Amino acid sequence: MSKHLIDLVGVRKTFDGEDALKNINLYIRDGEFLTLLGPSGCGKTTTLRLIAGFILPTEGKILIDGQDVSNVPPYKRRVNTVFQKYALFPHLDVYDNIAFGLRIAKLSEDEIDARVNEMLEIVSLKGFENRRTTTLSGGQQQRVAIARALANRPGVLLLDEPLGALDLRLRKDMQNELKRIQQQLGITFIYVTHDQEEALTMSDTVVVMDRGHIQQIGTPEDIYNEPKNAFVADFIGESNILDGVMRDDYLVEFFGRKFKCMDKGFGKNEPVDVVIRPEDIDIVPADAGHLSGTVTSVTFKGVHYDIIVDFKGFKWLIQTTDHQPEGAHIGIKLTPDDIHVMKKTEYSGMYGDYSSYSAEYDEINDPDAVIGEEDEALPQEERDEE
Amino acid sequence: MKNKMLAVPYLVWMAVFTIIPLAIVFYFAFTDTVTGEATFRNIVLLGQYGSILFKSAWLALVSSLLCLIIGYPVAYYIAGCSPRKQRFLYMLVMLPMCMSFLLRTLAWVALLEDTGIINRFIITLGLRPLPLIRNDGAVILGMVYNFLPYMILPLYSVIMKIDPRLIEAAQDLGCNSRQVFGKVVLPLSLPGMISGVTMVFVPAVSTFYISQKLGSSGTALIGDVIESQFKTAYNPNLGAAMSLGLMAVVFTCIALMNRFSGDDGESMVTV
Amino acid sequence: MRRFNRIFTIIVLIFLYVPMIVLAVASFNSGNDIAVLKGFTLSRYSELFRDGVLLPLLGNSLIVAVLSSLSATLLGTMAALGIHAMGKQLRQLTLAVTNIPLTNPEIVTGVSLALLFAFIGQTLKINSILGFFTLLIAHVTFNLPYVILSVLPKLTQMDRDLRDAALDLGCTPIQAFFKVILYEIMPGVISGALMSFTMSLDDFVISYFVYGPNFITLPVEIYNYTKKPLHPKIYALFTLLFITILMVMVLMNLLQARDEKRTNQARRIFSAGRRRVTT
């Protein structure tokens, strides 16, 4: 697990004079499942296309197996790609699509046949050999795309939002399936997505990106529990982000009160961002809490309620399984575990206040809703209902 | 990417066989036939042919508008048929375009002549024969007949592409079928109308065969005059000047129409 | 309203076809006057096949049409690929040049090429260079824009990832073109070629200015004929061409119908969204 398979060293990429990527440094270990996560336009797909070789870096180096491939064309790299909209060849059937790369590599027909059958087995598409790809469902096309990319036995499989066009149920199934395939074959996967849940579920390592920068690299637990800045905290899960001041090691002040926390190493009286996850907050009677406020909205979410509580004009999101009526006066309790302190960054003050929260607001800001996508990208079921 | 270079042979071809020839037309228009010296005489002479140019433009404009009025209901009807019927009707409209337009025009002569098919029929009914040929009406008929498919096809493809959901939306918002047509379908088919009118107007304004066969012997169109400068009178310099005049008329009309549609000229050709 | 449009459409179609029916009937007429029916005869057809002039001219037209449409298809497809890879400004400029032969009146195109060839003839001190090659060049020139305008949309519609996918699976750029891209743009290439072929076969105006006495095409000869009384065997030729083109079109129609049925099936299973028109 420790060998570096891919290294990106000081990579910069400009399109028409605009930086899409600025100084990316990243290594990917052999056999790991690494996810590039971020909102659209953050540079994650650009990074993937650089590794595939479809575009060349403006500055910096890309190494595969320690060899500089910065200017090597895609057909000479031992990486293969699963495209967002599959990019299956419409003039070929399922079998010929999977065999495409093997035929280019001039393998014998016997070998090709064995390899294609093996791949069909892996993606559970036996019996679909002679179907035209246009007659397959989205999920089946996805499997063909994966089989086609894996047939060449690449060192690395690059996946560009491969589940983006599938509906929720199918997406969950395919997540498990992909993870299984990755473990079965022991191939390195580099996975691009804007879906934080997908990233947390599948990955060994998550790389959070925004505005052409890497914001944080870590295991899913690290990223969730110890976000490095307000952007990561807001992008991964829901967060209340408050202005605070670090009074001492393990002691932070916000809302005029001092709280014990788990963080140290900040300067004395340094202004900081404080993150409190909505599901970590305990609701207590108003007079028994550290802070008290008024419930301004309640939304039923199935497993829990999302409630918005007004504390001195700052609105918090709290997730609770106990129903609280609108207008109720409640108190909250925070333990040192619940409080995460982060350094101030360019993102400070941009996120975390839920004063304009509403159910619709949540949908408008749904990270899944990529602006500018055609209706082709709609999940199949949704389209059938139209 | 180096793929761009694939267009180089084409661009060279177009430079040699389209741009340079037009430059030569310019050169001829401004030089003297005999001495080869630079002169404005040809352009000045063009003034004498102003009425012919005007008449050509007028007849072409009338034909274009007639084509639009006749073509629109046809295109609209075809676009509303089942795909199978659409393909069949499309084929029927396109087929005449593939047949010799000279012979088809000649067939009109046979139909319209004083001793032609129609007049013989009229005579057998005991009526007086009608003056059907050798007048402007016959020229317009010839133009409409020859260029009508150029109007129907672009109109059809534009009407065809109108999203049916837009029509449903208009109905949903309270439009009756007349309003749906007037407020949604017609404005959306404007690009097709513009491109259809262009595609009829340009060949109509420059035709020389139709007027020769169907028009009266006294009224030549600009196409006839240009043809004679090159084929009989042999004054290519004057012919070149006339070609420039014709181009000026055509490009002015196209520019006017594109301004009218608020378009930047991209939709000039849709077929 | 729809009923009115239907009747109106039928009338317009009759209007379009009456002259052609007149010509077809005339080809079976034993009298020489097209307006007077004398009796039925097939002799016009036998005269046509014994004729030593018309058929070779038809052959000339076919040769020019085949060669010019093939050259235009090759050159135009390459150009479309090039234009597709261009940046916005260069692309707009190239398309503006492409539009010139389309919007310019045919007679001006003909005249300008005639002047060019005269100029070249003068410089090379050749009496007349007008002939087969000048015709071919002229036809390629007016065919090129049609090819480009039918191939280019196919390239823009094509999923950009397909080329990347081919490269990703080990194709060199040239292999990617022949194994993937060509299949995708084929309908555009074919319709461009067919359009060129028919335009070229039927072209009169431009040919009229650039043909030479040694190589005459059928439409030019018909024009020269129509200055004198027309021999009815031309009607026979017209009728035969009409039937040929009709059969080709019906065949294409059927092929298209079959193709559409297949994609419709696919669409029902995995909906491809909006209906598309291919012209």
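Just so it is clear, the structure is predicted and the values come from calculations on it, not from any experiment.

### Considerations on the overall build of chain A
When helices and strands are counted, chain A shows ten helices and 20 strands. Considering chain A as a whole, with its 386 residues, one finds that 52% of them fall into the buried category. Within chain A, contacts between residues at least 6 apart in sequence are counted, and of these 67% link residues at least 24 apart. On chain A, roughly 17,300 Å² of surface is accessible, and the fraction owed to carbon and sulfur atoms is 47%. If the 42 positive side-chain charges of chain A are averaged to one point and the 66 negative ones to another, these points end up 6 Å apart.

### Digging into the interface of chain C and chain B
The partner chain B presents 91 residues to the 85 residues of chain C that form the contact. Scanning the region where chain C abuts chain B turns up one salt bridge. Counting across the interface, chain C meets chain B through twelve residue pairs in polar contact (both at pLDDT 80 or more). The biggest single contributor to the side of chain C that touches chain B is helix α1 (residues 2-26) of chain C, with 15 residues. Counted by class, the side of chain C that touches chain B contains 59 nonpolar, 16 polar and ten charged residues.

### Some thoughts on the packing of helix α4 (residues 83-98) of chain B against helix α7 (residues 136-161) of chain B
Residues and elements named next belong to chain B. α7 packs onto α4 with a crossing angle of 155° between their chain directions and a minimal axis gap of 9 Å. If you check the angle between α4 and α7, you find them roughly antiparallel. Where α4 crosses over α7, the two elements pack in a sense that is left-handed. Where α4 approaches α7, its residues Q86, Y90, V93, M94 and M97 are matched on the opposing element by P149, Y150, I152, L153, Y156 and M160. Residues that form the contact of α4 with α7 fall into these classes: ten nonpolar, one polar and no charged.

### A look at the environment of A:Y191
Residue and element names in this part refer to chain A. Position of Y191 among the secondary structure elements: in strand β8 (residues 188-193). The buried category is assigned to Y191, whose relative accessible area is 0%. In sequence terms Y191 and A147 are 44 residues apart; their C-alpha atoms lie 16 Å from each other. Once residues lying within four places of it in the same chain are set aside, the contact partners of Y191 are F33, L34, T35, L36, L159, P162, L163, L178, E198 and M202.

### A look at the domain arrangement of chain A
Split into domains, chain A comes out as domain 1 (4-225) and domain 2 (238-385). Computed over C-alpha atoms only, the centres of domain 1 of chain A and domain 2 of chain A are separated by 34 Å.

### A short note on the interface of chain A and chain C
It is common to report an interface's size as the accessible area lost on association of the parts. Opposite the 30 residues of chain A that make contact, chain C presents 24 residues. Summing both partners gives a buried area of about 2,400 Å² for chain A against chain C, and 62% of it is carried by carbon and sulfur. Among the residues chain A hides against chain C, the three largest losses belong to A:Y75, A:H91 and A:I104. Together they make up 25% of the total. Here chain A is connected to chain C by one salt bridge. Taking the shortest distance from any N to any O, the salt bridge between C:D164 and A:R49 comes out at 3.0 Å. At the junction of chain A with chain C, the criterion picks out five residue pairs in polar contact (both at pLDDT 80 or more). Mapped by element, the contributors of at least two residues to the side of chain A that touches chain C are β6 (79-82), α2 (94-104), α4 (138-151) and α10 (380-385) of chain A. Top contributing element to the side of chain A that touches chain C by residue count: α4(A), with four residues. Considered class by class, the residues forming the side of chain A that touches chain C number 13 nonpolar, eleven polar and six charged.

### Concerning a nonpolar patch on the surface
Residue and element names in this part refer to chain B. On the surface, a cluster of nonpolar side chains totalling about 400 Å² of accessible area is made up of M5, V8, V12, V16 and I20. Looking at the secondary structure, you find V8 in helix α1 (residues 8-29). According to the relative accessible area criterion, V8 is partly exposed, its value standing at 36%.

### Observations regarding unusual backbone geometry
Residues and elements named next belong to chain A. With a phi close to 55°, D65 is a non-glycine residue in the positive phi region. With respect to the secondary-structure elements, D65 resides in the loop between β4 (59-64) and β5 (67-68). Given the relative accessible area of 35%, D65 is considered partly exposed. For S124, which is not glycine, the phi torsion reads 55° and is therefore positive. Along the polypeptide, S124 turns up in the loop between α3 (109-122) and α4. By relative accessible area, which is 46% here, S124 ends up partly exposed.

### A short note on the nonpolar core
Grouped together as the largest cluster of nonpolar side chains are 206 residues, with contacts concentrated most on A:I6, A:F89, A:F100, A:I190, C:I107, C:F204 and C:F209. Top contributing element to this core by residue count: α7(B), with 15 residues. Setting aside residues no more than four positions away along its own chain, A:F100 makes contact with A:F89, A:L92, C:A166, C:L169, C:C171, C:K179 and C:V180. By size, the runner-up hydrophobic cluster in this structure holds 37 residues, among which are A:Y95, A:V123, A:A165 and A:M174.

### Here we look at the confidence of the model for chain A
All names here are of chain A. The predicted model of chain A averages 84 in pLDDT, with 90% of residues at 70 or higher. At the low end of the mean pLDDT range in chain A sits α10, at 35; at the high end sits β8, at 94. Predicted confidence for residues 358-386 stays below pLDDT 50, and this span has 32 contacts to residues more than four positions away or in other chains.

Definitions and limits used
Residues numbered from 1 in each chain as written. Chains lettered and ligands numbered in written order. Predicted model: local features only at pLDDT ≥ 70, side-chain atom pairs only at ≥ 80, totals over all residues. Heavy atoms only, no water. Helix = DSSP H or I, 4+ residues; strand = E, 2+ residues; numbered from the N terminus. Buried < 20%, exposed > 50% of the residue type's maximum accessible area, 1.4 Å probe, protein only. Contact = heavy atoms within 4.5 Å. Areas by Shrake-Rupley, 256 points an atom, 1.4 Å probe, with all protein chains shown as cover. Lys, Arg positive; Asp, Glu negative; His and termini not counted. Charge placed at Lys NZ, Arg CZ, Asp CG, Glu CD. Salt bridge = Lys/Arg side-chain N within 4 Å of Asp/Glu carboxyl O. Polar contact = N/O pair within 3.5 Å; in protein donor to acceptor, adjacent residues only side chain to side chain. Nonpolar A, V, L, I, M, F, W, Y, C, P; charged D, E, K, R; others polar. Axes fitted to C-alpha atoms, helices over the stretch in contact; angles between N-to-C directions. Parallel < 35°, antiparallel > 145°, perpendicular 65-115°, else oblique. Left-handed = near helix turned anticlockwise from the far one by under 90°. Domains from an automatic or database assignment. Buried area = accessible area lost by both parts, 1.4 Å probe. Patch = residues over 30% accessible without salt bridge, like charges linked within 9 Å, V, L, I, M, F, W, Y side chains within 5 Å. Core = buried A, V, L, I, M, F, W, Y, C linked by side-chain atoms within 4.5 Å. pLDDT = per-residue confidence, 0-100.

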